[in-house]
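Letter by letter, the chains look like this.
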Amino acid sequence: FEEHLKEDEQSLCWWKRNKHRVTKKVSEELNTKMSIFTGDITSLEIDAIANAANESLLGGGGVDGAIHAAAGPLLRSECELLNGCSAGNAKISLGYKLPAKYVLHTVGPRGEKPDVLRSCYKNSLKLLKENKLRSVAFPCISTGIFGYPNEKAAKVALETIREFLETDEYGKDVDRVIMCLFLKKDVEIYREQMQMFFPVD
Ligand code: ADP
């Protein structure tokens, strides 16, 4: 793929910058594990969906509201027992009426705080590992009501997911990671960023 990239794009290409870390074969295999999906995250039949929740874990607007509405009231009942969640952390619940088996509730930063956003993806993937789940879909955490700039958030999301798949021992057991996009601007951003972080021919 490198020949197809322009010079300035090459300088941004994560795989190229970090290729000392993995063999080309492993790198190519994991590029195919990452997908983008455009639509409603509550429609996905998958092991787990992540929820961009707030500290209370008792539901809110945006994707959080959509997930609680689709899962039904038992989700809120379970969340009441979880004792909330701080920014950057993640807690797991069942999916109830959702087609997804589990929900990974994570609380993104308010505004641009890359370390906190990175922790959201890392801690959600850690829950995936602890519960031996193989597939997960993420919404664009913090880019709605919490106001994280979309393009910067996309880079953090893809870089953190890529790093987990490559460096964590559980990476090879993960079958699929999906970024679930809801807005046209994110589709444009992710189409471009996927070429940098998960390039496929
Ligand atoms: P945050 O408070 O973390 O910013 P939001 O729910 O406001 O969370 O927004 C996060 C992202 O989720 C935004 O891109 C928003 O458009 C998107 N979103 C809203 N509803 C859904 C849905 N049903 N499925 C997937 N993504 C959604």
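Please read all numbers here as calculations on a predicted model, not as lab measurements.

Moving on, we come to the sheet that holds strand 2 (residues 48-53). The mixed open sheet is built from six strands, whose spatial order is 1-6-5-2-4-3. Looking along the sheet, the strands with just one partner apiece sit at the ends: strand 1 (34-38) and strand 3 (90-94). Neighbour-to-neighbour, the strand axes of the sheet open up by a mean angle of 25°, direction not taken into account. Here five bridges tie strand 1 to strand 6 (residues 176-181), and the two strands are oriented parallel to one another. When the bridges of strand 6 are listed, Ser35 appears paired with Ile178. Packed on one face of the sheet, helix 4 (residues 62-71) meets strand 2 and strand 4 (102-107) and runs near 130° to strand 2.

Confidence in the prediction for the chain averages 91 pLDDT; 89% of positions are at 70 or higher. Throughout residues 1-8 the model reports pLDDT below 50, and contacts reaching past four residues in sequence, or to other chains, amount to six contacts. Per the prediction output, this complex has pTM 0.91; the corresponding ipTM is 0.99.

Attention shifts here to the nonpolar core. Inside soluble globular proteins, nonpolar side chains tend to come together where they are buried. Within the largest apolar cluster, 54 residues are counted, with the highest numbers of intra-cluster contacts made by Ala48, Val103, Val136, Phe138 and Ala157. When residues of this core are assigned to their parent elements, the largest contribution, eight residues, is made by helix 7 (residues 150-167). Beyond its immediate chain neighbours, meaning those up to four positions away, Val103 contacts Ala48, Ile49, Asn51, Ile67, Ala71, Leu75, Ser93 and Gly95.

We now examine the environment of Glu78. Checked against the element boundaries, Glu78 lands in helix 5 (residues 73-80). Residues Glu78 and Ile92, 14 residues apart in the sequence, show an inter-C-alpha distance of 9.8 Å. Excluding anything up to four places from it in sequence, Glu78 contacts Ser93 and Leu94.

Attention shifts here to the site of the ligand. In the vicinity of the ligand there are 21 residues, among which Ala52, Gly62, Gly144, Phe146 and Phe182 approach most closely. When residues in the shell around the ligand are grouped by element, the largest group, four residues, is from helix 4. For the shell around the ligand, the per-class residue count stands at 12 nonpolar, six polar and three charged.

The terminal C-alpha atoms of helix 7 lie 26 Å apart, and with 18 residues this matches the ideal 26 Å at 1.5 Å per residue to within 8%. Looking only at helix 7, the buried set comprises Ala153, Ala154, Val156, Ala157, Leu158, Thr160, Ile161, Arg162, Phe164 and Leu165.

It is worth spelling out unusual backbone geometry at this point. Even without being a glycine, Leu57 presents a positive backbone phi close to 60°. Position of Leu57 relative to the elements: it lies in the loop between strand 2 and helix 4. According to the C-beta neighbour criterion, Leu57 is buried, with 25 such atoms within 10 Å. Within the chain, Lys132 stands out as a residue other than glycine whose phi angle is a positive 50°.

Calculation criteria
Residues numbered from 1 in each chain as written. Predicted model: local features only at pLDDT ≥ 70, side-chain atom pairs only at ≥ 80, totals over all residues. Pairing = 2+ DSSP bridges. Helix = DSSP H or I, 4+ residues; strand = E, 2+ residues; numbered from the N terminus. Axes fitted to C-alpha atoms, helices over the stretch in contact; angles between N-to-C directions. Contact = placed C-beta atoms within 7 Å. pLDDT = per-residue confidence, 0-100. Core = buried A, V, L, I, M, F, W, Y, C linked by C-beta atoms within 7 Å. Buried ≥ 20, exposed ≤ 12 C-beta atoms within 10 Å, placed from the backbone. Near = placed C-beta within 6 Å. Nonpolar A, V, L, I, M, F, W, Y, C, P; charged D, E, K, R; others polar. Expected span 1.5 Å × (residues − 1).

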